[in-house]
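Below are the chains, spelled out letter by letter.
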Amino acid sequence: MTSAGDAAAPTPPDPRPRASFVGIFAVTFCGLVAIGAVLPVLPRYVHGPLEKGDIAVGIVIGAYAVTGLLLRPVAGRLADTRGRRTIVVLGSVLLGLSGLLYLPSLGLAGLIVARLLTGAGEGSVYTAGSAWIIDLAPVERRGRILGLYGLAVWGGLSLGPLMGELLLDLGGYRTVWLFAAAMPMIGALIATMVADPFRPLAHARPHPLIAPEAVLPGIAVALASLGYAAVAAFVVLHLEALGIEHGVTVFAAFAAMIVITRLFAGHLPDRRGPTPVAIAATLGEAGGLLLIAVAHSLPVALLGGMLMGAGFSLLNPSLMLIAVGSVSQSARGAAMGTFTAFFDAGVGIGAPLAGAVAALAGYEGAFVFAAAVAACSAVLIVFTMHRRPLAAAVG
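What this report covers is the structure whose coordinates are included nearby. (Residues numbered from 1 in each chain as written. Predicted model: local features only at pLDDT ≥ 70, side-chain atom pairs only at ≥ 80, totals over all residues. Heavy atoms only, no water.)

In this section: the packing of aromatic side chains. Per the counting criterion, the structure on display carries 14 aromatic pairs. Judged by centre distance (6.0 Å) and plane angle (55°), the ring pair of Phe254 and Phe312 falls under tilted. On the criterion of sequence distance, the pair formed by Phe254 in helix H10 (residues 248-265) and Phe312 in helix H13 (residues 298-324) is long-range, its members being 58 residues apart. Each member of the pair Phe254 and Phe312 is classed as buried. Following the ring pairs from residue to residue traces out a cluster consisting of Tyr228, Phe251, Phe254, Phe312 and Phe343. (Phe/Tyr/Trp six-rings, centres within 6.5 Å; stacked < 30°, edge-to-face > 60°. Helix = DSSP H or I, 4+ residues; strand = E, 2+ residues; numbered from the N terminus. Buried < 20%, exposed > 50% of the residue type's maximum accessible area, 1.4 Å probe, protein only.)

Below, the structure written as structure tokens:
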């Protein structure tokens, strides 16, 4: 916990908090719908024009997590010392540039560079945006509001893959890449018009770059995020190998259930406590991954995607509440940077790891492995997180 002498200048009340929330939501949605649009397209592009295998797919999908892992804590520090809006605008511009990098035919190396830039941009937008949202949210509704803000991510990842499929059918890969470049730039423009009430002190001693308060919830989310990486990289290929078409709808169902669950059950972390909700959520994710693993029809796979989405929906805001519950306002960016970096670590390690398991044991084995790792996340929360008292959140 930072000392009073290290705190930021008091944040004046936002005269239009709802308008500010909508603006931050829109900026994040624009970036994530662009990211989502390329998710179902990249595996086909790697397998097709580039003629590479499953491990290459996993590397390309997960590469963005490398820069996210390294730069999210830096983005959090900058959000605390330079202001939330500056970092959100910068991240949106980086996302737009990553879309432009898909356009030249630069081979597998070019795709990896573009994905690395994607990680830097998305990490900056979401880390600074989360701190921005927490600044605006009343303490007693913080979990629900964080969950609603997360809908910008999962709404984008729900609509994005469908947009990517549509644009691929209409205009080919180039059209998808142009869409991925344009949407974040629109988000950057919106961000310049949203008020940022947070005022950091010019000479405040910054919080540690890796916020210790966020490490345990970060490890838990890293373990759980391997399941997301497996679904993003391999659910379409898994179902195609079984002769099942429209596999992209499973990923869309997963993302859509995140939206639905947060709308109708997003109050649970505030009312029931973040720890028990997080435990139930990880077990739900594990069950959904097992259903996808054994699915031999699209309805069963869709059910698995929906169950996984319902669990994953409540996991992130629950663990976020634990991560920010004992830090001051001036350290929220650092806490969010640390927490979200662990998510990237899970995806960055998980996607290639799932690819390696798929190469050895098939796609079914990859999803069983992801389910086992999610169960380990639940065990970590049971035996560690519930013993750590959640301090009263600092307003």
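After that view, the rundown keeps rolling.
With that out of the way, let us pick up the nonpolar core. Formed by 115 residues in total, the largest nonpolar core has its most connected members in Leu157, Tyr228, Val235, Phe251, Phe312, Leu319 and Phe367. Per-element tally for this core: the top contributor is helix H14 (residues 332-383), with 19 residues. (Core = buried A, V, L, I, M, F, W, Y, C linked by side-chain atoms within 4.5 Å.)

A separate point is the pattern of salt bridges. Enumeration according to the criterion identifies five salt bridges in this entry. The structure contains a network of salt bridges with shared partners spanning Arg44, Glu165 and Glu240. (Salt bridge = Lys/Arg side-chain N within 4 Å of Asp/Glu carboxyl O.)

Moving on: a nonpolar patch on the surface. Among the surface-exposed residues, Val66, Leu69, Leu70, Leu71, Val74, Leu78, Leu209 and Ile210 lie close enough to one another that they form a single nonpolar patch of about 620 Å² accessible area. As for its position among the elements, Leu78 is in helix H4 (residues 64-82). Classification of Leu78 by relative accessible area gives partly exposed; the value is 31%. (Patch = residues over 30% accessible without salt bridge, like charges linked within 9 Å, V, L, I, M, F, W, Y side chains within 5 Å. Areas by Shrake-Rupley, 256 points an atom, 1.4 Å probe, with all protein chains shown as cover.)

Attention now moves to the environment of Ala359. Examined against the element boundaries, Ala359 turns out to sit in helix H14. You can call Ala359 exposed: its relative accessible area is 52%. Residues Ala359 and Asp54, spaced 305 residues apart in sequence, show a C-alpha to C-alpha distance of 7.1 Å.

What follows deals with the environment of Ala253. Tracing the backbone shows Ala253 in helix H10. The buried category is assigned to Ala253, whose relative accessible area is 13%. A sequence separation of 48 residues divides Ala253 from Ala301, and the C-alpha atoms of the two residues are 9.6 Å apart. If sequence neighbours within four positions are ignored, Ala253 has contacts with Leu302, Gly305 and Met306. (Contact = heavy atoms within 4.5 Å.)

Relative to the helices and strands, Thr127 is located in helix H6 (residues 107-136). By relative accessible area, which is 0% here, Thr127 ends up buried. Among the polar contacts listed, one links the side chain of Thr127 to the side chain of Thr340, at a separation of 3.3 Å. Once you skip the residues sitting within four places of it in the chain, Thr127 turns out to touch Arg72, Ala75, Gly76, Gly333, Met336, Gly337 and Thr340. (Polar contact = N/O pair within 3.5 Å; in protein donor to acceptor, adjacent residues only side chain to side chain.)

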